[in-house]
Amino acid sequence: MLKPRSVLLASVCLLPAMLAAPSPGSTRALAATPAAAAVPAGGTIAAINVTGNKRIEASTITAYMVVQPGSPFDPQQINQSVKTLYATGLFKSVNITRKGNDLDVAVVENPLVDQVLFSGNSALSDKDALAAVSMKPRSVYTPEAAEAGRRALLDAYAKKGHYNAQVTANIIKLPDNRVNVVYQCDEGKETLISRIGFVGNHHFSQSTLRQVVSSRQSAWWRFLSSADEYNPERVEYDEYLLHKFYFHKGYADFQVLSANANLSPDRKSFYLTFTVDEGARYKVGSVKIVSSIPHLSEKDLRGLVPLSKGDWFDGDALQEGIDALNKRALDLGYAFATVNPQVKSDKKTHTLDIVLNVVNGPRVWIQRIDITGNTRTEDKVIRRQLTVAEGDAYNQSKIDKSTQNLKNLGFFKDEKITTSPGSTPQQVVLNTAVQEQATGQFSLGGGYSTSIGALLNTGLSQNNFLGTGINASINALIAQRGTQINLGMTDPYFLDRNLIAGWDVFRTVTDSYTATSQAYSYSESSIGADVRLGYRFNQNVRQTFTYTVSERNIYDIPTGSSTNIYIESEAGKSSLSQLSQTLTFDYLDDDQNPTSGLMVNLTTDLAGLGGDAKYLRISPDVSYYIPLERIFGNKRWVLKFSGSAGYLVDMRGYQDKIEDRFFLGGDTLRGFADGGVGPYVEPVYNSSGTLTSSGGQIGGRYMWTQSTELHFPLPVSPDLGISGFAFVDVGSLWGANPIGTATLHDSSAPRVGAGVGVSWNTPFGLINLSLAQPVVKQEGDQVQQFRVSFGTRF
């Protein structure tokens, strides 16, 4: 990758003068070390007598001294002995006098620390505060140590954004020459960033660059974020982000000249200013690949680099090409291959000539992998995330991937993989250092969904159960029209192999379901359990098998005109014994917020291994994301194509029920109500015109959908998590069996809905608001134009 030029380190003004000067109430000024009283010279020391010591042995004290019995009475050596005893930190005072041929040493010991306490602290926990100070219980108290602790606490508060904090070290004397040290903390308010500015930017606006950096200006809606707190480490990361952004846009000479943080005059906030030199924008003059490895010619490799002559230079594309070249060499067995880029710039034409040298690097092997810092997580949980093993060839790309794998676990605050020399020049030791963090999580959220009404979602999960990497969770969703409870456990490396195994126990109840504009209602429940076993073929392809046993029940069907002949015929309990498999092809760039790539799922359900239900159900779905950043200059512009299908066939004389069939509408076909599309039964009236059986949708056995969505940013701060989307949904559902005299409308004609919406990614879940208009509909279809969807749904 094109390396940025040297960047001037951020000259951040962090009140060094204030921190250096003693604050009011700080530890008192330290007494100067007294010199020894004048000791007459001449003669030899016959003995050294120590007085005043209570905890420390006399022999230990004399061992610290420069002079010893038999040494001459040398005033300089005796004075040095006084300094040496003070330097131990064990003594409050030391006095050495001569008495005849003996040397008398009178000492006063420093007290021992009984407890280190903190008062007035809330932003900094007692645990973190104690870790910050060097003074610990049962250590020797010195004013220097107390002052060092005070300064350490100020530094800790600065990292928390409290730059105007005040800390005072107080001493409480106890019997037996012991003391308690109490740090009185006045935290003050958080010192937030009130303004972020840029100097020297001519091609990009202030608002654009503010969205590039990770630091943020303070705003009322950031109460759940720490991005508006000043942090020097984050500012360094901001410099990297600015380099990455400008390199991506083609500004190869870009530099950050300085990054300054200054306190406002009222000392309540920071002004953060980046001074930059953008330089010129470059185009690609030429791209050449020079390979010294057999079977790797430029012709074979050129297509892996997404840069061509005449393109605007893109640092991200160059890095993508380098990674692709490394991977191709690795796939062909050249474990020591490296790619060395050479970039020559032409200042007159503003072009870059790029040469990528593919060479077989020096042979280095991994002798040993050491793991440290995992006080809770088992070694094997970490080792299985490493893409290298002891004895493998050293490969930096694999090590970078291993670091990312550890980060993706979410078990650690920090994770680093470094190298140290092995026993031979051809060997290295990989040092994997991690810092544990809490992996348990309690979640509580609420919202509203058009499908199930007002809802409350709560859960308790542990992603690293007993340090084994196993995920255990219990979740409950309580809504106006239903409840769902699930208890489950998943082992991502079952039997320490490439297997995913787990189980779930669940209960789902949907109460008095009433589709919009339909007259029938009923309740549906399901209680059961499942076991799962999956296998990863590679990082993109996996397959999961699930066996489910459950008891299903359709009940609370009203009598009279509100009933439906189909629902009435399917009322009661039934058992399900089902074997399912899902084959997944996942080539998305991000699991949470994809912007490019493809995902395909093929799911089949086979019911009939016992139980009442006997059917085969097939339901594939596909999603494809196309980034539009090159067109609009913003990565939040994304075009998404998705499609799904469903096929249900009964077996061995079984008649499918409403809980077996597919339903279409709501989130699956916007503009239409939940389950409001598909086979429709007309209401039945008797000869006198009285309604005897209500109508409505009953689900179908065959289905297909296709959706096209354009996601785009809105003119609000991206930190709010709000974005817009426009969509066109197309789909159809059909295939129902007629019953009795009921008139069934069963059309496979497509329905079309189109509209716009807003997505809000809140800390409690994703909320979608959409407004859609049915463009093409059939008789009996139920319309619903406005829809609210919460992140958790049935």
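Below or above, wherever it landed, is the structure these notes cover. A quick note: this is a predicted structure, and the numbers were derived from the prediction, not measured.

**Here we look at the overall build of the protein**
Now for step 1: Check the secondary structure of the protein and you find 13 helices and 38 strands.
Now for step 2: Taken over C-alpha atoms, the radius of gyration comes to 36 Å for the protein, far larger than the 28 Å a tight globule of 794 residues would show.
Now for step 3: With respect to the three principal axes, the spread of C-alpha positions in the protein is 135 × 70 × 55 Å.
Now for step 4: Expressed as a percentage of its 794 residues, the buried residues of the protein come to 42%.
Now for step 5: Residue pairs at least 24 apart in sequence account for 60% of intrachain contacts in the protein once pairs closer than 6 positions are excluded.
Now for step 6: Counting only carbon and sulfur atoms, one obtains 56% of the accessible surface of the protein, whose full area is about 39700 Å².

**Observations concerning the sheet that holds strand β8 (residues 255-263)**
Now for step 1: If you walk across this open sheet you meet the three strands as β7-β9-β8, and the pairing is mixed. With one partner strand each, in any of the chains shown, β7 (192-199) and β8 form the two edges of the open sheet. On average, adjacent strands in this sheet sit at an angle of 15 degrees to one another, irrespective of strand direction.
Now for step 2: Here β8 pairs with strand β9 (residues 269-277) via eight bridges, running antiparallel. Looking at the pairing, Gln255 lines up with Asp277 of β9.

**Remarks on the pattern of salt bridges**
Now for step 1: Enumeration over the complete set of coordinates arrives at 25 salt bridges.
Now for step 2: Asp114 serves as the salt-bridge partner of Arg178, at 3.2 Å between the closest nitrogen and oxygen. Separated by 64 residues along the polypeptide, Arg178 in strand β6 (residues 178-186) and Asp114 in strand β4 (residues 112-119) bring together distant segments of the chain.
Now for step 3: Residue Arg178 is classed as partly exposed on the basis of its relative accessible area of 26%.
Now for step 4: Residues Glu659 and Arg552 are paired through a salt bridge, measuring 4.0 Å at the closest nitrogen-oxygen approach.

**What about the sheet that holds β6?**
Now for step 1: Taken in spatial order, the three strands of this open sheet run β4-β6-β5, and their pairing is mixed. With partners counted over all chains shown, the strands left at the sheet margins are β4 and β5 (166-174), one partner each. The sheet shows a mean angle of 20 degrees between the axes of neighbouring strands, taken without regard to direction.

**Quick notes on the packing of aromatic side chains**
Now for step 1: In total, this model carries 19 aromatic pairs according to the counting rule given.
Now for step 2: Between Tyr163 and Tyr230, the aromatic rings sit 5.6 Å apart at their centres with planes inclined by 55 degrees, giving tilted as the arrangement. Here the residue Tyr163 occupies a position in the loop between α5 (143-159) and β5, and Tyr230 occupies one in the loop between α6 (206-212) and α7 (232-248), the gap between them amounting to 67 residues. In terms of burial, Tyr163 and Tyr230 fall into one category: buried.
Now for step 3: Where Phe632 meets Trp637, the ring centres are 3.9 Å apart and the plane angle is 15 degrees; that geometry is what we call stacked.
Now for step 4: Taking the relative accessible area as the measure of exposure, Phe632 reaches 42% and is therefore partly exposed.
Now for step 5: Feature note: the residues Phe204, Phe245, Tyr246, Tyr251 and Phe254 constitute an aromatic cluster, connected by ring pairs.
Now for step 6: Looking at Lys283, its charged tip hangs above the ring of Trp312, at a distance of 4.9 Å from the centre.
Now for step 7: Note that Arg536 overlies the ring of Tyr493, its terminal NZ or CZ placed 4.8 Å from the centroid.

**Some points on helix α9 (residues 315-331)**
Now for step 1: Taking 1.5 Å of rise per residue, 17 residues should cover 24 Å, and α9 covers 24 Å from first to last C-alpha, within 8% of that figure.
Now for step 2: One side-chain oxygen at the N-terminal end of α9 lies 2.9 Å from the backbone nitrogen of Asp316; it belongs to Asp314.
Now for step 3: Trailing α9 by a residue or two, Gly333 shows a phi angle of about 95 degrees, which is positive.

**A closer look at the environment of Asn475**
Now for step 1: Mapping Asn475 onto the fold places it in strand β18 (residues 470-479).
Now for step 2: The class for Asn475 is partly exposed, based on a relative accessible area of 33%.
Now for step 3: Sequence separation between Asn475 and Thr458 is 17 residues; the distance between their C-alpha atoms is 5.9 Å.
Now for step 4: Ignoring any residue separated from it by four or fewer positions in sequence, one finds Asn475 in contact with Thr458, Gly459, Leu460, Gln484, Ile485 and Asn486.

**Overview of the nonpolar core**
Now for step 1: With 26 residues, the main nonpolar core has Leu209, Tyr230, Leu242, Phe254, Leu272 and Phe274 as its most contacted residues.
Now for step 2: Mapped onto this core, the elements with two or more residues apiece are β7, α6, α7, β8 and β9.
Now for step 3: For this core, the element with the highest residue contribution is α7, accounting for six residues.
Now for step 4: Dropping the residues within four chain positions of it, Phe274 is found in contact with Ile196, Gly197, Phe198, Val199, Val213, Val235, Asp238, Glu239, Leu242, Ser258 and Ala259.
Now for step 5: One finds Tyr282, Ala317, Val339 and Val358 within the second-largest nonpolar core, a separate group that totals 23 residues.

**Description of the side chain of Asn201**
Now for step 1: Following the sequence through the fold, Asn201 ends up in the loop between β7 and α6.
Now for step 2: Among the polar contacts listed, one links the side chain of Asn201 to the backbone oxygen of Phe204, at a separation of 2.8 Å.
Now for step 3: When neighbours within four sequence positions are excluded, Asn201 is seen to be in contact with Gln206, Leu209, Tyr246, Val276 and Glu278.

Cut-offs used in this document
- Residues numbered from 1 in each chain as written.
- Predicted model: local features only at pLDDT ≥ 70, side-chain atom pairs only at ≥ 80, totals over all residues.
- Heavy atoms only, no water.
- Helix = DSSP H or I, 4+ residues; strand = E, 2+ residues; numbered from the N terminus.
- Rg over C-alpha atoms; globule rule 2.2 N^0.38 Å.
- Buried < 20%, exposed > 50% of the residue type's maximum accessible area, 1.4 Å probe, protein only.
- Contact = heavy atoms within 4.5 Å.
- Areas by Shrake-Rupley, 256 points an atom, 1.4 Å probe, with all protein chains shown as cover.
- Pairing = 2+ DSSP bridges.
- Axes fitted to C-alpha atoms, helices over the stretch in contact; angles between N-to-C directions.
- Salt bridge = Lys/Arg side-chain N within 4 Å of Asp/Glu carboxyl O.
- Phe/Tyr/Trp six-rings, centres within 6.5 Å; stacked < 30°, edge-to-face > 60°.
- Lys NZ or Arg CZ within 6 Å of the ring centre and 35° of its normal.
- Expected span 1.5 Å × (residues − 1).
- Polar contact = N/O pair within 3.5 Å; in protein donor to acceptor, adjacent residues only side chain to side chain.
- Core = buried A, V, L, I, M, F, W, Y, C linked by side-chain atoms within 4.5 Å.

In short, shape yes, function no, at least from these values alone.
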